[in-house]
Amino acid sequence: MIFLDQRMPDGDGLSVLEPLAEKWPRAAIFLMTGQADDVVAKSAILLGATDYIPKRSISRNAVERLLKTGRDAAEMRWKVEQQQEILTFAHVLVHDFRAPIVQANSITELLEESINDGDQDAIQTELALLHKSTGPMSELIDSLSSHIRNDRAAEMEVSP
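The rules behind the values
Within each chain, residue numbers correspond to sequence positions counted from 1 in written order. Since the coordinates come from a predicted model, pLDDT governs what is reported: local features require at least 70, and pairs of side-chain atoms require 80 or more to be given and counted, while whole-chain, interface and lining totals use all residues. Think of the side-chain values as coming from all heavy atoms in the structure, minus any hydrogens and water. Residues enter patches when they are more than 30% accessible in relative terms and free of salt bridges; like-charged ones are connected within 9 Å and nonpolar ones (Val, Leu, Ile, Met, Phe, Trp, Tyr) within 5 Å. Computed by Shrake-Rupley with a 1.4 Å probe, the accessible areas treat only the displayed protein chains as cover when residues are assessed. Salt bridges are counted wherever a side-chain nitrogen of Lys or Arg sits within 4 Å of a carboxyl oxygen of Asp or Glu. In this tally Asp and Glu are treated as negative and Lys and Arg as positive; neither His nor the chain ends contributes. For the purpose of locating charges, the reference atoms are NZ of Lys, CZ of Arg, CG of Asp and CD of Glu. Secondary structure counts use DSSP, requiring at least four H or I residues in a row for a helix and at least two E residues in a row for a strand, with both numbered from the N terminus. Three labels apply to residues, based on accessible area from a 1.4 Å probe with only protein chains included: buried if under 20% of the type maximum, exposed if over 50%, partly exposed otherwise in between. Here, nonpolar core means buried Ala, Val, Leu, Ile, Met, Phe, Trp, Tyr and Cys residues that are tied together by side-chain atoms lying within 4.5 Å of each other. Working rule for contacts: check all heavy atoms of both residues, and any pair within 4.5 Å makes them a contact. Classification of ring pairs rests on two measures: the distance between centres of Phe, Tyr or Trp rings, Trp counted by its six-membered ring, which must be within 6.5 Å, and the angle between planes, read as stacked under 30 degrees, edge-to-face over 60 and tilted in between. Comment: the charge-over-ring label is applied if NZ (Lys) or CZ (Arg) is within 6 Å of the ring centre and within 35 degrees of the ring normal. Arc, as used here, means the arc of the directions from the helix axis to the C-beta atoms. Polar contacts here mean pairs of N or O atoms no more than 3.5 Å apart (in protein, one a potential hydrogen donor and the other a potential acceptor; neighbouring residues in sequence count only if both atoms are side-chain atoms). UniProt positions are given in the numbering used here, feature names are shortened, and annotations may be inferred rather than shown by experiment.

Q: Any chance you could explain a negative patch on the surface here in plain terms?
A: There is a patch of like negative charges on the surface, built from Glu109, Glu112, Glu113, Asp117, Asp119 and Asp121. Counting residues per element, the negative patch draws most heavily on helix H3 (residues 60–117), at 4 residues. Turning to its location among the elements, Asp117 is positioned in helix H3. Residue classification places Asp117 among the exposed positions, given a relative accessible area of 64%.

Right under this line is the structure:
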């Protein structure tokens, strides 16, 4: 949680909001000001503040509300970012799996034609190509399996 004053000796809170949000992306940032100003409030939210509060509205209840909603908002933002990373990973994974499968399907069609034609040389060549095309798929599966094991081990270490 970061409580940031709009008025500072060497500048203003709006000018440091973005750098703070970039440096601490999981933080909830609250901008406080002595002036109730809708333009400043809107700018603060657009620049990464979780909430805005005029100083005259600060009370124990207001701070407790800010802390609760700020924590909830920061957690939700973090979860959304994690989900986006997972979806990106899944998209790459689907692409990487599709290429060897398409290749194996094409070789299988050629192999079927060679079997129907009784061409033993072509059958041997295509079987070798089919075997070779399964290597990258196997490597992808091994890599994914290793990644999953490492993630689970890290989760277990972090859990209280």
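Q: Please explain the nonpolar core as it appears in this structure.
A: Counting 13 residues, the largest nonpolar core has Leu4, Leu14, Leu17, Ile29, Leu31 and Ala44 as the members making the most contacts within it. Secondary-structure elements contributing two or more residues to this core are strand E1 (2–5), helix H1 (13–23), strand E4 (29–33) and helix H2 (38–46). Discounting chain neighbours no more than four positions away, the residues touching Ile29 are Ile2, Leu4, Leu17, Leu20, Ala21, Gly48, Ala49, Thr50 and Asp51. Residues Phe30, Ile53, Ala62 and Ala74 belong to the second largest nonpolar core, which totals 7 residues.

Q: Help me understand the packing of aromatic side chains, please; the structure alone is not making it clear to me.
A: The description of two aromatic rings rests on the distance between their centres and on the angle between their planes. Counted according to the given criterion, the structure contains 1 aromatic pair. With centroids separated by 4.9 Å and ring planes inclined at 35°, the aromatic side chains of Phe3 and Phe30 adopt a geometry described as tilted. Of this pair, Phe3 sits in strand E1 while Phe30 is found in strand E4, placing the two residues 27 residues apart along the sequence. Directly above the aromatic system of Trp78 lies the positively charged group of Arg26, at a separation of 4.2 Å from the ring centroid.

Q: Even after reading the chapter, I still don't get the pattern of salt bridges, so can you show me in this structure?
A: Note that side chains of opposite charge can pair when their charged atoms are close. Under the counting rule described, the total for this entry stands at 5 salt bridges. For Lys55, the salt bridge identified is with Asp5, shortest N-O distance 2.7 Å. Of this pair, Lys55 sits in the loop between strand E5 (51–54) and H3 while Asp5 sits in strand E1, placing them 50 residues apart in sequence. A relative accessible area of 38% means that Lys55 is categorised as partly exposed. For Asp5, a relative accessible area of 22% corresponds to the partly exposed category. The partner of Arg71 in a salt bridge is Asp72, with the nearest N and O atoms 3.4 Å apart. Exposure remark for Arg71: the relative accessible area of 40% places this residue in the partly exposed category. You can call Asp72 partly exposed: its relative accessible area is 31%. Because the salt bridges share partners, they merge into one network encompassing Lys68, Arg71 and Asp72.

Q: Please clarify how H1 should be interpreted in this entry.
A: Along an α-helix, residues three or four positions apart point the same way, because every turn accommodates 3.6 residues. Taken together, the buried positions of H1 are Gly13, Leu14, Leu17 and Leu20. Axial view of H1: buried residues confined to an arc of 105°, hence all on one face. Exposed and facing more than 90 degrees away from the buried side of H1 are Glu22 and Lys23. Contacts from the buried residues of H1 go to E1, strand E2 (7–8), strand E3 (11–12), E4 and H2. The distance from a side-chain oxygen at the start of H1 to the backbone nitrogen of Leu14 is 3.0 Å, and the residue carrying that oxygen is Asp12.

Q: Explain the UniProt feature "modified residue: 4-aspartylphosphate" (unreviewed entry) in the protein chain to me, please; I cannot follow it from the model alone.
A: UniProt records the feature "modified residue: 4-aspartylphosphate" (unreviewed entry) for Asp5 in the present numbering. The residues touching Asp5, leaving out its near neighbours within four places in the chain, are Gly13, Leu31, Met32, Thr33 and Lys55.

Q: Teacher, can you tell me more about the environment of Phe3 here?
A: Among the residues examined, Phe3 registers a relative accessible area of 35% and is labelled partly exposed. Spatially, the C-alpha atoms of Phe3 and Phe30 are 4.9 Å apart, while their sequence positions differ by 27 residues.

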